[in-house]
Structures are given as structure tokens and as C-alpha cells.
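Observations on chain architecture
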Amino acid sequence: MAASENSSQSPSVGGTTSAPPASTPTPKPTANPTTAKPTTKPTVKPTTKPKNPHNAQYYALKVEQKLEKLGYPVGDADGDITVRGRQALCAWRETNGMPISRKGLTLDEAYSVINATAKPTPTKADGIYVNKTCQVLYQVVNKQYKRIVWISTGAPGYDTPNRTGKVWRKYAGAHESSLYEDAYMYDSLYFLKDRPGIALHGSRVNSLIKPYPASHRCVRVLRPQIHQIFADTPIGTTVSVYGKYVWS
């Protein structure tokens, strides 16, 4: 007999009939992973900023290394800014248009030095400049700072006068002072005709070039720096002495 068109039974593969499949249980809804509550509490954020990993000695060392690289002599670059390092900082301040002093290093100055790539271009004409405040000498050649060196000007009672003159006499090598017996001068550059005994010169030993005024009115310069300055300084070169050393 043919199946009735109104039959409630469903045809199966092969022309036979079978009971409808058993119903599958409806799964329980699961939580949305994006809205699920975390099973662990988040890490509590610190209430204070982390400490700077670099201390004062770190910055001092970096500053000394950069100053030395740029041509500002500091002595031993060991993270301890001594009186020699303060001379270099004093020169750095002057050449960068800052107030001139031999005070210690500030953090802003440390960043300024560390980020520098070269010495600034001098605003002064070619010549030799003796800064008594810093106890340093600048040699400007072809509109560049060719050398920055330590010097020692006149001690109290023998002050080196603040004057501008021109090199009028050069005396190569060693010779005895015309004013002081057994005081030998090296590669002397005389620059004040009305004060003929005053000169830039090297001394018998470099230990006489103190980080403070200690000469008898002359400007003592380290050797062999004075020899190099002597060679680069023709007659007629301007020499300017300025500033004041404040004893602390």
C-alpha cells in the first residue's frame, strides 16, 4: 500500500520509515569570556615612582668624561669632581654663556654637558684669554677654541693685572727670570711692554701650576701645553687677562 500523503511518518533512506530521532538536550549557556570575572586580582600599582637608578657619582663621572672629550681638562675622571673638575666646569659655563663660577655641578648642567656634541664657537677674536676666576687659559685660533688649559696667576700681593696687551717678545726654551734669582721660565710670551717682567710661561715643574693663584704676577702654564701655545702664537697676538679669583 502506498503511504498516505497525510502520514505523520517521515521517509527514511532506502524507502523505509523510522521513528524520529531522540531529542538532544539543550546545552547550558556559558559565560562570555570577554565579560567573565577574573579568577585572580590584578597586581596593585605602586603608589610611588621608582627611584632613579643613577646616583650623583654616575652623573659626575659622565660629565667628567664628556668634558675631557670636548677639551676641558678635569684631571682624573673618576666620578669625584675635585678642584680641577670645578675649573673645567667654570670654563664650560663661560664658553656656553652661563654665569661664571667654580661651584659644584647641578643636575641641569649635567644634562647640558652630557648631551653636548662639541665646544661652542667662541665669540672672541683670535688670541689668548686668561680667566682668573676659573684659572684657565683659552687659546682661540681661526675662530675656534684650540686649547683650554690650567694656569696659575699671581698670588695675593703679586696679582696679575687685568689688562689686554699684545705679545711683543718671545723667548724659546728655558731662561732665568730677570726679577727672581734661580726662577726658570720656559717658552715665555711677554705681552705688556710697560710691565716687561710679566709673561705667560712654563715652570721648572708642573706642580707649580696650582689650581689657585700662586705665581709672582706671571701666568704659569703647564708644560708641554706652553710649548704648543708658544709655537702657535706669533708676535702681535692679543693677550687678555680678566676676572677675579674668589678664595673659598
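This is a predicted model, so every value here is computed, not measured.

About the cut-offs
- Residues numbered from 1 in each chain as written.
- Predicted model: local features only at pLDDT ≥ 70, side-chain atom pairs only at ≥ 80, totals over all residues.
- Heavy atoms only, no water.
- Disulfide = S-S within 2.5 Å.
- Helix = DSSP H or I, 4+ residues; strand = E, 2+ residues; numbered from the N terminus.
- Buried < 20%, exposed > 50% of the residue type's maximum accessible area, 1.4 Å probe, protein only.
- Arc of directions from axis to C-beta.
- Contact = heavy atoms within 4.5 Å.
- Pairing = 2+ DSSP bridges.
- Expected span 1.5 Å × (residues − 1).
- Polar contact = N/O pair within 3.5 Å; in protein donor to acceptor, adjacent residues only side chain to side chain.
- Salt bridge = Lys/Arg side-chain N within 4 Å of Asp/Glu carboxyl O.
- Phe/Tyr/Trp six-rings, centres within 6.5 Å; stacked < 30°, edge-to-face > 60°.
- Lys NZ or Arg CZ within 6 Å of the ring centre and 35° of its normal.
- Axes fitted to C-alpha atoms, helices over the stretch in contact; angles between N-to-C directions.
- Parallel < 35°, antiparallel > 145°, perpendicular 65-115°, else oblique.
- Left-handed = near helix turned anticlockwise from the far one by under 90°.
- Nonpolar A, V, L, I, M, F, W, Y, C, P; charged D, E, K, R; others polar.

Under the defined criterion, the tally for this structure stands at one disulfide. Cys 90 shares a disulfide with Cys 134; S-S distance 1.9 Å. Residues Cys 90 and Cys 134 are joined by a disulfide whose S-S torsion is about -70 degrees; by sign, that bridge is left-handed. With Cys 90 in helix H2 (residues 83–95) and Cys 134 in the loop between strand S1 (127–131) and strand S2 (136–141), this residue pair connects regions lying 44 residues apart in the sequence.

Time to look at helix H3 (residues 107–114). Because each turn of an α-helix spans 3.6 residues, side chains separated by three or four positions end up pointing in the same direction. Those residues of H3 that sit buried are Glu 109, Ala 110 and Val 113. The arc that holds every buried residue of H3, seen down its axis, measures 105 degrees, which confines them to one face. Check the buried side of H3 and you find it contacts helix H1 (56–70) and H2.

Among the six residues in S2, five count as buried, and that is most of the element. Where S1 and S2 come together, five bridges link them in antiparallel fashion. Of the residues in S2, the one forming a bridge with Asn 131 is Val 136. Linkage of S1 to S2, two consecutive antiparallel strands, is achieved through a turn of four residues, within which Gln 135 is found at a positive phi near 60 degrees. Judged from the six bridges that link them, S2 and strand S3 (residues 144–152) form a sheet pairing that is antiparallel. Following the sheet pairing, Val 140 is matched in S3 by Tyr 145.

Spanning 15 residues, H1 covers 21 Å between terminal C-alpha atoms, matching the ideal 21 Å at 1.5 Å per step. Buried residues of H1: Tyr 59, Ala 60, Val 63, Glu 64, Lys 66, Leu 67 and Leu 70, and no others. If you follow the buried residues of H1, they end up packed against H2 and H3. Measuring from the side-chain oxygen of the N-cap residue of H1 to the backbone nitrogen of Gln 57 gives 3.2 Å; that N-cap residue is Asn 55. A positive phi of about 105 degrees marks Gly 71, the residue just after H1.

The tally for this structure, following the rule as stated, stands at six salt bridges. We note a salt bridge from Arg 93 to Glu 109, for which the minimum N-O separation is 2.8 Å. With Arg 93 in helix H2 and Glu 109 in helix H3, this residue pair connects regions lying 16 residues apart in the sequence. Since its relative accessible area comes to 10%, Glu 109 is described here as buried. A salt bridge links Glu 94 to Lys 124, with the shortest nitrogen-to-oxygen separation between them at 3.4 Å. With a gap of 30 residues between them, Glu 94 in helix H2 and Lys 124 in the loop between H3 and S1 connect regions that are remote in the sequence. What makes Glu 94 buried here is its relative accessible area of 15%. Overall, Lys 124 belongs to the partly exposed group, its relative accessible area being 28%. Each member of the salt-bridge network shares a partner with another, and the members are Lys 146, Arg 147 and Asp 232.

For the structure shown, the criterion picks out seven aromatic pairs. Between Tyr 58 and Tyr 59, the aromatic rings sit 5.4 Å apart at their centres with planes inclined by 80 degrees, giving edge-to-face as the arrangement. With a relative accessible area of 12%, Tyr 59 lands in the buried category. Each member of the aromatic cluster is reached from another via a ring pair, and the members are Tyr 58, Tyr 59 and Tyr 111. Here the guanidinium or amino end of Arg 102 rests over the ring plane of Tyr 245, the centre of that ring lying 3.9 Å away. Stacked on the ring of Phe 230, the Lys or Arg Lys 170 has its end atom at 4.4 Å from the ring centre.

Further remarks concern the packing of H1 against H3. Helices that pack against each other are described as a pair by the angle of their axes relative to one another and the distance between those axes. Between H1 and H3, the shortest axis-to-axis distance is 9 Å and the interhelical angle comes to 40 degrees. Between H1 and H3, the crossing angle belongs to the class labelled oblique. For H1 against H3, the interelement crossing comes out left-handed. Where H1 abuts H3, its residues Tyr 59, Lys 62, Val 63, Lys 66 and Leu 67 lie against Leu 107, Ala 110, Tyr 111, Val 113 and Ile 114. For the contact of H1 with H3, the class distribution of residues is eight nonpolar, no polar and two charged.

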